[in-house]
Amino acid sequence: GSLGVRGFDAAKTYVKNLVSHLDPAQVQVAVQIFSGPSNWAAYQRCTGVSPDAPDMIKDCMIEWVNHFSNDTKKIVAAVDALKFPASTTLTSVALAEAASELVNGREDANSIVVVVTDGQPLSHERTKTAAERLMAKARVVWVPVGSAAPLEMIEELASLPKKENVVKIPSL
């Protein structure tokens, strides 16, 4: 959400470059775009505070570009077609969605989740809890972008060794 159009386009380029360099014979890739709700009622639905079920795309601004696939060319094209979501940063729910997606991966694979972010999540506490649950299932690599990225929190939430799982990008 907070990347801005220019930053969002640069993040898309980063993801497209990453995916296009993967060997389709060796990997399955899932890509999710996440932003966050644009109002309080949607936030409450997205975080479970409200008893009403959220629409993950309309309320939470969290959408799967693709579920697990080894068609890296199709994934790159889908990422390229993404439009800037202009909203908040609901990192905790995006991490929980990523953890849920892992059940669709190969059982024999070492799962890696790459999180590209530039801003503060709506809830540090919920993000920390979601990251800890995700790390029980996968290696979590954080890519903080720009000077507004919450580096202290990111370093706390990355898998060990931290030096290998926090890839800093000063600006986009």
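This section reports on the structure supplied with the text. (Residues numbered from 1 in each chain as written. Predicted model: local features only at pLDDT ≥ 70, side-chain atom pairs only at ≥ 80, totals over all residues. Heavy atoms only, no water.)

1. Section: the overall build of the protein chain
Thought 1: Looking only at helices and strands, the protein chain features seven helices and four strands.
Thought 2: Put simply, the protein chain runs from its N terminus to its C terminus through helices and strands in the order α-β-α-β-α-α-β-α-β-α-α.
Thought 3: Seen through its C-alpha atoms, the protein chain measures out along the principal axes to roughly 45 × 30 × 30 Å.
Thought 4: Looking at the protein chain as a whole, 42% of its 172 residues are labelled buried.
Thought 5: Within the protein chain, counting contacts between residues at least 6 apart in sequence, those at least 24 apart form 79% of the total.
Thought 6: Taken as a whole, the protein chain presents about 9500 Å² of accessible surface, with 53% of it coming from carbon and sulfur. (Helix = DSSP H or I, 4+ residues; strand = E, 2+ residues; numbered from the N terminus. Buried < 20%, exposed > 50% of the residue type's maximum accessible area, 1.4 Å probe, protein only. Contact = heavy atoms within 4.5 Å. Areas by Shrake-Rupley, 256 points an atom, 1.4 Å probe, with all protein chains shown as cover.)

2. Looking at the nonpolar core
Thought 1: With 26 residues, the main nonpolar core has Ile62, Leu90, Leu95, Val113, Val115, Leu134 and Trp142 as its most contacted residues.
Thought 2: Here Val113 is in contact with Ala98, Leu102, Leu134, Ala138, Arg139, Val140 and Val141, once residues within four sequence places are set aside.
Thought 3: Counting residues in each nonpolar core, the second largest holds 11 residues, with Val19, Val31, Ile75 and Val76 among its members. (Core = buried A, V, L, I, M, F, W, Y, C linked by side-chain atoms within 4.5 Å.)

3. Some details on the pattern of salt bridges
Thought 1: For the structure on display, the rule yields five salt bridges.
Thought 2: Arg45 is the partner of Asp59 in a salt bridge, and the nearest nitrogen-oxygen pair spans 3.0 Å. Here Arg45 lies in helix 2 (residues 40-46) and Asp59 lies in the loop between helix 2 and strand 2 (62-69), a separation of 14 residues in the sequence.
Thought 3: With a relative accessible area of 14%, Asp59 lands in the buried category.
Thought 4: Linking Glu156 and Lys128 is a salt bridge whose minimum nitrogen-to-oxygen distance equals 3.0 Å. (Salt bridge = Lys/Arg side-chain N within 4 Å of Asp/Glu carboxyl O.)

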